[in-house]
Amino acid sequence: MITQIPRRLALKFITFGSTLLGAKSQLEARGEADTTLQGIEPVGHWGTTHDRVWLGEEFWANPMENWRIVDGAAECQSTSGNRSVHLLTHQITNPQDSFQMSVNTRQVQTGKKEGGVAFRVGISSDLNEYRSNCFAPGGIVAGLVDNQLVLGGKRSKLKSEPDLQDVTLELMGKPAGEQYQLELTVKSAGTSLGSVKNLFRPQAILGNVALANNFNTADRKSDGSRYAFRDWKVGGDAFTVNENHKFGPILWSMYSLSDSRSDEGFVLKLSGLTGPLGKDDHQQLELHLKKQGEWQKAGDASLDTDAWVATFRIPNWDEKTETPYKLVYKEELKGGGESVSEWTGTIKANPTGRPLRMGALTCQNDYAFPYEPVNENIIKLDPDLLYFSGDQIYENHGGFGIIRDPAEPAILNYLRKFYQFGWSFREAMKDRPTLCIPDDHDVFQGNIWGEGGAQMQGIDQGASSKGGYREPVRMVNAVHLTCTSHHPEFYDPTTVKQDMSVYYGDMVYGDVSFAIIADRQWKSGPEHVDTGSGRADHVQDPDFDCSKLDKPGLVLLGERQEEFLKHWAEDWRGHSMKVLLSQTVFAGVATHHGGYNGYLKADLDCGGWPQTARQNAIEIIRKSKALHVNGDQHLTTMCQYGYEKQRDSNWSFCPPAIAVGYPRWWRPDEVDMPHQNRPKHDLPNTGEFTDGLGNLVYVYAVGNPEVASEKHRYDKAHQKGSGFGIVTIDTKAKTYTIDSFKFLIDPTDGKASNQFPGWPVTIQQAENQGENVIT
């Protein structure tokens, strides 16, 4: 059993430095330590691993794209500073006991400035949780640079110059009265060249341990040396060891189950993702199903070598029976033999004849990684399926910037960030269908104005206010694969410009049809119009006439998706209720952006522009009587679209962001936007409005955030209006009940304060065509 450190105590334990609490005489009084390391075991198996990017299930590399296994060693590919490899399975949790580590290193490239090679210990975030610790700064450095030993704030010159082709670092730690002693020894070609000791607060050693390349060089400076590491060994009772912390080779799985309404019956599609493997690695996954108590192999699937995802498709699935599954990966080792890994989950039975519950999630900025309150609450509430509406990543995820081109390193850069998403929510996704669509930040853009897959022009002017895609199409297609390869068959998979893939279609599950669309892939770019401000997609002047922005020929969903939605709206086979899933709201339901006083009359980066194209979309979907569930806005809202008049069309639910980064507010009362018919609950900023673009919208509820002031990541996320949604679809009562939960709550304790003001909301199916009941 793993004992968690209480949060308040953990906060006291945090250290970003290496404070020296003792004097030389105190160290000498303890006597010389035994420099022979005993009871240490190797971690990982680099020596028998084929050359590849992914270092193995015990490790997290910072950043992944800067590391490779080369000739049996983990080799840093970058000369920039602070590249590191964290050990996931071992955390130092007990400063009342000792530990030991050793690693052999070899310099593979000499830099203009020697950045050094080292261990880091005591790497701890505000949570002191092993995943979040991987991205924390600081820790105690124990290493070698410029022929000097470095241990915290203490340096000691070596007896002689080491052979940098064969250096072994040995680190020992043990209690020393009320302090904790670390001793670093450096050996070269088997000979000790010196050692250094230092004393620290016991709390300073708590957290992750890591290997560091160029610890003495700034992150963005590219003038350091490169090292390769092999034979990392660790041991000691100061460590807590948890093999469940391994991440891979099968990182996670996602699946969908859909009534094909054909002779194929229900079709299961399931994807498994691995880390980026090498050309000599086995590149297939196996799927096994448990039937009548026995595991039976159901098939093999090859990994796509860009997205590193394998997809299984099984028609005529027995949707009435819950079925355990496992994915199996057999890693072929150098020199013979194999290592077999498994990932298990459950295919739920089709939830027919009862209300279906969907988790609605969007936008996860990694300052709040790993979002454990949301993940735990989702598992606790046990919805029938999950919907992630985009921004599974942001460009800042995991640090170290973004790589835009060429495609191959850009893909690795994306995958490393995307893996934080799966690392956070894989336990929730493995046991229920998951629909997951990409949005703008997933392809390294602030906004997408897709122009039907066109390549962005004038890319030196930024990637937020220009039409087209900034990234290489190979990278965009890899993003689409990682997110949607397990979705049901697409309505029309024909590629668009640049041979870019598409992913629109529907899933019929639990007597409900879920239409999945990309409301940005065909959207026109803002350079077609003039907003009169310094930014092409923002209208800042409150007196600007936004009708000028509605030019003929501008596109929102595109002809192909409109044709799909027309068909879907009239196709009622296998279901009796509908939900439309897309990235964003078809109205401008935000008055302030970025900062509390950041007023905008209109933002073209919403589904309310272009206005005529928006009207076309509303005309189509109102026939479906579908609830529209979306995301993107970082602001939870419950509103009803107006087509010809207020409240004559579909309702929209935008759930709160999992972790709000860029904040928005809807505060029309403060800017004197006229309204009528405020709901019966009489909450501020609600009622019938004409948004800044001229669209009719009835705002029933909004979850405006506070201005962030908290330091702890989860308190900050809660304060900024983060959380998640639950949509319950009752096909017998013909109702949708929508919950909008805050970040740091227990949704099972019945407190009204768990939800944003105005929720929960229950609407009738017919209200999505304007037959209104709710007031």
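Structure's up top.
Residues numbered from 1 in each chain as written. Predicted model: local features only at pLDDT ≥ 70, side-chain atom pairs only at ≥ 80, totals over all residues. Heavy atoms only, no water.

Asker: I'd like to hear about unusual backbone geometry, residue by residue, with values.
Answerer: Only a minority of non-glycine residues have a phi that is not negative, and only a minority of peptide bonds are not trans. The peptide bond linking Asp-405 to Pro-406 adopts the cis configuration, its omega dihedral lying at -5°. Here Pro-406 shows up in the loop between strand 25 (385-388) and helix 5 (407-429). Here the bond from Trp-609 into Pro-610 is cis, since omega is 0°, no more than 30 degrees from zero. Within the element layout of this structure, Pro-610 appears in the loop between strand 32 (602-603) and helix 8 (611-621). Residues other than glycine seldom take positive phi values, yet Tyr-371 does so here, at roughly 55°. As for its position among the elements, Tyr-371 is in the loop between strand 24 (356-361) and helix 4 (372-381). Positive phi, close to 60°, is recorded for Asp-672, a residue that is not glycine. Tracing the backbone through its elements, the reader meets Asp-672 in the loop between strand 36 (664-665) and strand 37 (687-690). (Helix = DSSP H or I, 4+ residues; strand = E, 2+ residues; numbered from the N terminus.)

Asker: Please set out the sheet that holds strand 35 (residues 651-654) residue by residue, giving values where relevant.
Answerer: Read from one edge to the other, the open sheet built from eight strands follows the order 27-28-30-33-35-34-38-37, with strand pairing classed as mixed. Two strands in the sheet have a free side with no partner beyond their single neighbour: strand 27 (505-509) and strand 37. If you compare each strand with its neighbour and ignore which way they point, the axes differ by 25° on average. Here four bridges tie strand 34 (residues 637-642) to strand 35, and the two strands are oriented antiparallel to one another. Across the sheet, Cys-639 pairs through a bridge with Ser-652, a residue of strand 35. (Pairing = 2+ DSSP bridges. Axes fitted to C-alpha atoms, helices over the stretch in contact; angles between N-to-C directions.)

Asker: Residue-level account of the pairing of strand 39 (residues 723-730), with values.
Answerer: Across the eight residues of strand 39, eight count as buried, placing the element largely inside the fold. What you see with strand 39 is no split at all: Gly-723, Gly-725, Val-727 and Ile-729 on one side and Phe-724, Ile-726, Thr-728 and Asp-730 on the other are buried throughout. In this sheet, strand 39 lies alongside strand 24 in antiparallel orientation, the contact comprising five bridges. Across the sheet, residue Met-358 finds its bridge partner in strand 39, namely Val-727. Sheet topology note: the strand 39/strand 40 (residues 735-742) ladder contains eight bridges and is antiparallel. Across the sheet, Gly-725 pairs through a bridge with Ser-740, a residue of strand 40. With antiparallel pairing between neighbouring strands as the criterion, strand 39 and strand 40 make up a hairpin whose turn holds four residues, including Lys-734 at a positive phi of roughly 60°. (Buried < 20%, exposed > 50% of the residue type's maximum accessible area, 1.4 Å probe, protein only.)

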